[in-house]
Each structure stands twice: as structure tokens, then as C-alpha cells.
Amino acid sequence: MLEKYVEPVTFRRALQFDDDGFPIPDEGGEVTVSCRVQPLVLDEDTGRDRDGTFTELRVFAPAGTSVDSETVVVIRGDEYRVEAPPHDWHQYRRAALSSHRPSVVFVAKRGVG
């Protein structure tokens, strides 16, 4: 039943540069997993001489998915950056069942304009 609410999400490290400005080759590669994606906000930024929009999505990834602020997330063909480190649901809690593995939850943000 939940299969219709999940979609493929690709995780990869952000491009890093050395002191001379050259890109550093990525060692980790890409990982694609099935996640639940929830839209949070679509806002317009209208400042002096510029227009733009940004989109925020809340992503529920499977337990054990490695995500940090350096991770680039590809959702529905668009690149998003991780806004904040994912929430650690294990902190200060103990699960009633030892097999319980809560999702990794984070906010991904993309701006255009």
C-alpha cells in the first residue's frame, strides 16, 4: 500500500574544490533509495532587480541513510541541497521494540532565480 507514496531519491556528495579551485574527484558515488517526499513551502523572493522562487521538501528516507549538509539530493530530476542535518530520532529515546528503525528525516531546499 505504501509503495504508491514513495519515489526514487538520489543522494550524492556536493562537488568539492581544492585550494587552486580545481574540483576534487568524488569517491562515494551516488545512492538511490525509495523515500517519501512531502512539500513544505513554495515561496517567492522578490527583491530589488531580482525575482525568484524556492521550494522546500521534507524527505523521509529509510533508516541508516547517510545524509549531512554536504549532500546533494536529486528529487524528480531537480537538485536540492540539505538545509539542516537530519533529525536523530534515537537521541534521548529508547524504542519499545528493538527492531524499530525510525526514518531519517531532513529538509531539502532548491532556489531558482
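Residues numbered from 1 in each chain as written. Predicted model: local features only at pLDDT ≥ 70, side-chain atom pairs only at ≥ 80, totals over all residues. Heavy atoms only, no water.

**Quick notes on the pattern of salt bridges**
Applying the stated criterion across every chain, the model contains six salt bridges. Across the pair R110 and D78 runs a salt bridge whose closest N-O atoms are separated by 3.9 Å. Linking R110 in strand β8 (residues 104-112) with D78 in strand β7 (residues 78-82), this pair joins segments that are 32 residues apart in sequence. By relative accessible area, R110 is classed as partly exposed at 27%. With a relative accessible area of 29%, D78 lands in the partly exposed category. Beyond isolated ion pairs, a larger network of salt bridges with shared partners links R12, E30 and E79. (Salt bridge = Lys/Arg side-chain N within 4 Å of Asp/Glu carboxyl O. Helix = DSSP H or I, 4+ residues; strand = E, 2+ residues; numbered from the N terminus. Buried < 20%, exposed > 50% of the residue type's maximum accessible area, 1.4 Å probe, protein only.)

**What to know about the nonpolar core**
Core analysis: the biggest nonpolar cluster contains 15 residues, and V9, F11, C35, A61, V73, I75 and F106 have the highest contact counts within it. Counting residues per element, the ones that place at least two in this core are β1 (6-13), β4 (31-47), β5 (50-61), β6 (71-75), β7 and β8. Leaving out residues up to four positions away in the same chain, F106 has contacts with F11, L57, R58, V59, A61, V67, V73, V82, A84 and P86. (Core = buried A, V, L, I, M, F, W, Y, C linked by side-chain atoms within 4.5 Å. Contact = heavy atoms within 4.5 Å.)

**Remarks on the packing of aromatic side chains**
The tally for this structure, following the rule as stated, stands at one aromatic pair. Look at F11 and F106: their rings are 6.0 Å apart centre to centre, the planes differ by 65°, and that puts the pair in the edge-to-face class. Placement of the pair is F11 in strand β1 and F106 in strand β8, with a sequence separation of 95 residues. Using a relative accessible area of 2% as the deciding quantity, one classes F106 as buried. (Phe/Tyr/Trp six-rings, centres within 6.5 Å; stacked < 30°, edge-to-face > 60°.)

**Some words on the environment of G111**
As for its position among the elements, G111 is in strand β8. The class for G111 is exposed, based on a relative accessible area of 59%. Separated by 30 residues in the primary sequence, G111 and R81 have C-alpha atoms spaced 9.5 Å apart. For G111, the contacting residues outside a window of four places in its chain are T53 and F54.

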